[in-house]
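Given next are the chains, with one letter for each unit.
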Amino acid sequence: NDEGAAALECTMTGPTLRFHADAVVALGGADMQARIDGQAAPRWTAHAVRAGSELRLGAAAGPGSRAYISVRGGIDVPAYLGSRATFILGKFGGHAGRVLRTGDLLRWGADDGLPAPTPVLPISLTPRYTHDWEIGVLFGPHVAPDFFTGGDIATLFGASWKVHYNSDRTGVRLIGPRPEWARKDGGEAGLHPSNLHDNAYAIGAMDFTGDMPILLGPDGPSLGGFVCPAVIAQAEIWKMGQLRAGDMVRFRM
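For the structure given in this document, a descriptive report is provided here. All values reported here derive from a predicted model rather than from experimental measurement.

1. Details of the sheet that holds strand β6 (residues 46-49)
1) Next: The strand order across the open sheet built from 3 strands is β6-β3-β8, with neighbouring strands paired in antiparallel fashion. Strand pairing shows two members of the sheet lacking a second neighbour, β6 and β8 (67-71), which therefore form its edges. Strand-to-strand twist across the sheet, computed as the mean angle between neighbouring axes with direction ignored, equals 30 degrees.
2) Next: Of the strand pairs in this sheet, strand β3 (residues 23-29) and β8 are connected by 5 bridges, and their pairing is antiparallel. From the neighbouring strand, glycine 28 faces β8, where its bridge partner is tyrosine 68.

2. Considerations on the layout of surface pockets
1) Next: The calculated volume of the largest pocket comes to roughly 1400 Å³.
2) Next: Taken together, 39 residues form the lining of the largest pocket, with Ala67, Tyr68, Thr86, Leu100 and Arg169 sitting closest to its centre.
3) Next: Sorting the residues of the lining of the largest pocket by element identifies β1 (5-11), β2 (14-19) and β8 as the ones contributing at least two each.
4) Next: Its residues placed into classes, the lining of the largest pocket shows 26 nonpolar, 8 polar and 5 charged.

3. Things to note about the pattern of salt bridges
1) Next: Under the criterion given, the structure shown has 9 salt bridges.
2) Next: Measuring nitrogen to oxygen at the nearest pair gives 3.5 Å for the salt bridge that ties glutamate 54 to arginine 56.
3) Next: Of the residues examined, arginine 56 reaches a relative accessible area of 38% and is grouped as partly exposed.
4) Next: Among the ionic pairs, glutamate 134 bridges to arginine 252, the shortest N-O distance being 2.9 Å. Pair noted here: glutamate 134 is in strand β10 (residues 132-139) and arginine 252 is in strand β17 (residues 248-252), with a separation of 118 residues, a long-range link.
5) Next: Overlapping salt bridges bring together Glu134, Glu236, Lys239 and Arg252 as one network.

4. What about a nonpolar patch on the surface?
1) Next: Residues Tyr80, Leu81 and Phe92 make up a contiguous nonpolar surface patch of about 340 Å² in total accessible area.
2) Next: Topologically, phenylalanine 92 is positioned in the loop between β8 and β9 (104-107).

5. A short note on the packing of aromatic side chains
For any pair of aromatic rings, the description consists of the separation of the ring centres together with the inter-plane angle of the planes.
1) Next: Within this structure, the stated rule accounts for 11 aromatic pairs.
2) Next: Here phenylalanine 87 and phenylalanine 92 contribute two aromatic rings whose centre-to-centre distance is 5.2 Å and whose plane-to-plane angle is 65 degrees, an arrangement assigned as edge-to-face.
3) Next: Look at phenylalanine 87 and you get partly exposed, because its relative accessible area is 24%.
4) Next: Judged by centre distance (5.7 Å) and plane angle (90 degrees), the rings of phenylalanine 139 and phenylalanine 157 are edge-to-face. One end of the pair, phenylalanine 139, is in strand β10; the other, phenylalanine 157, is in helix α1 (residues 150-158), and 18 residues separate them in sequence.
5) Next: For phenylalanine 157, a relative accessible area of 18% puts it in the buried group.
6) Next: Here the aromatic residues Trp44, Tyr129, Trp133 and Trp238 are joined through ring pairs into a cluster of three or more.
7) Next: The ring of tyrosine 129 has arginine 43 sitting right over it, with the charged end atom 6.0 Å from the ring centre.

6. Re unusual backbone geometry
1) Next: The residue after glycine 140, namely proline 141, is reached through a cis peptide bond having omega 5 degrees.
2) Next: Among the structural elements, proline 141 can be located in the loop between β10 and α1.
3) Next: The phi dihedral of tryptophan 44 is positive, around 60 degrees, even though this residue is not glycine.
4) Next: Mapped onto the elements of the fold, tryptophan 44 is located in the loop between β5 (39-40) and β6.
5) Next: Judged by relative accessible area, which is 22%, tryptophan 44 ranks as partly exposed.
6) Next: In this model, tryptophan 181 sits at a positive phi of 70 degrees, which is unusual for a non-glycine residue.

7. Focus on the side chain of threonine 45
1) Next: Relative to the assigned elements, threonine 45 resides in the loop between β5 and β6.
2) Next: For threonine 45, a relative accessible area of 16% gives the class buried.
3) Next: If near-sequence neighbours (up to four positions away) are discounted, threonine 45 is found in contact with Val25, Ala26, Leu27, Pro119 and Val120.

What counts and what doesn't
All residue numbers refer to position in the chain's written sequence, counted from 1. Residue-level local features of this predicted model are given only where pLDDT is at least 70; pairs of side-chain atoms are given and counted only at 80 or more, and the full residue set underlies all totals for whole chains, interfaces and linings. Heavy atoms from the whole structure form the basis of all side-chain values; hydrogens and water molecules are not counted. Pairing between two strands requires that DSSP report at least two bridges joining them. We count a stretch as a helix when DSSP gives it H or I for four or more residues in a row; a strand needs E for two or more, and each element gets its number in order from the N terminus. Angles here are taken between N-to-C directions and fall from 0 to 180 degrees, while the axes themselves are lines fitted to C-alpha atoms, restricted in helices to the stretch in contact. Points on a 1 Å grid, built from protein atoms alone, make a cavity when a 1.4 Å probe fits but cannot get out and make a pocket when they are open with protein on both sides within 12 Å along at least 5 of 7 lines; residues with an atom within 4 Å of a point are the lining residues. Grid points are joined across faces, edges and corners, and a volume is the space filled by probe spheres set on the points. Throughout this entry, Asp, Glu, Lys and Arg are counted as charged residues, while Ala, Val, Leu, Ile, Met, Phe, Trp, Tyr, Cys and Pro are counted as nonpolar. The remaining residues, Gly among them, count as polar. By definition, a salt bridge exists where a carboxyl oxygen of Asp or Glu is found within 4 Å of a side-chain nitrogen of Lys or Arg. Three exposure classes are used, based on accessible area relative to the maximum for each residue type with a 1.4 Å probe and protein chains only: buried under 20%, partly exposed in between, and exposed over 50%. Within this analysis, patches are made of residues with over 30% relative accessible area and no salt bridge. Like charges are joined at 9 Å or less; nonpolar side chains (Val, Leu, Ile, Met, Phe, Trp, Tyr) at 5 Å or less. The Shrake-Rupley method, run with a 1.4 Å probe sphere, supplies the accessible areas, and residue values consider only the shown protein chains as cover. Stacked, edge-to-face and tilted labels apply to pairs of Phe, Tyr and Trp rings (six-membered ring for Trp) whose centres lie within 6.5 Å, assigned for plane angles under 30 degrees, over 60, and everything in between, in that order. Note on geometry: a ring has a charge over it if NZ (lysine) or CZ (arginine) is within 6 Å of the ring centre and within 35 degrees of the ring normal. When checking whether two residues touch, look at their non-hydrogen atoms; a contact exists if any pair is within 4.5 Å.

Now the structure itself:
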């Protein structure tokens, strides 16, 4: 019985979702030129789809790097550690703990009792996508004067950082000025001044592995031995998921 399921297929033009039951879906994130049964499916809008319909995505047109698809009722996968997300490297969570494959069936929950969907998200609530990002951060836990000089911190907030091509959900590497550092080495923790004894990392932490900062993503390490002068504010973390190679980033408090 395929009721309440959507099959994912891969095509030359991009991923395709084939619906085996009626549903209400909405798309957000980068503009992937989505089409439902050949008709354009704008983002930030609720779309009613019928059994047998196909939703196709293309390449990102414009800024941003990821698209999001939501289904009324929610994707029905087991909760693991309080989440329904998939951790690919750890091979757990979500749908069988792995990336989706051709022929997979995704079921969604019942929408009984849910409020009527908003047809179109108001412009005031629509996030702005760009190639020149400004991201709000909080200080710490490793700042000046013990690890960085006052000049280093001024440079961190005054510079425009370029997103490195080797970036993913593990971390976003940034290209920019090298710190002067407030110390000559890491002492007993290591030879480089970025070294320290292992400590916990937060998602969104700016982790200096040597002289290059890396924004730690949701699939990144949970602890390590490098200094972190700032952490992305929770309300700003979504921006990290839309950074693409070549984008420029500035940080603000």
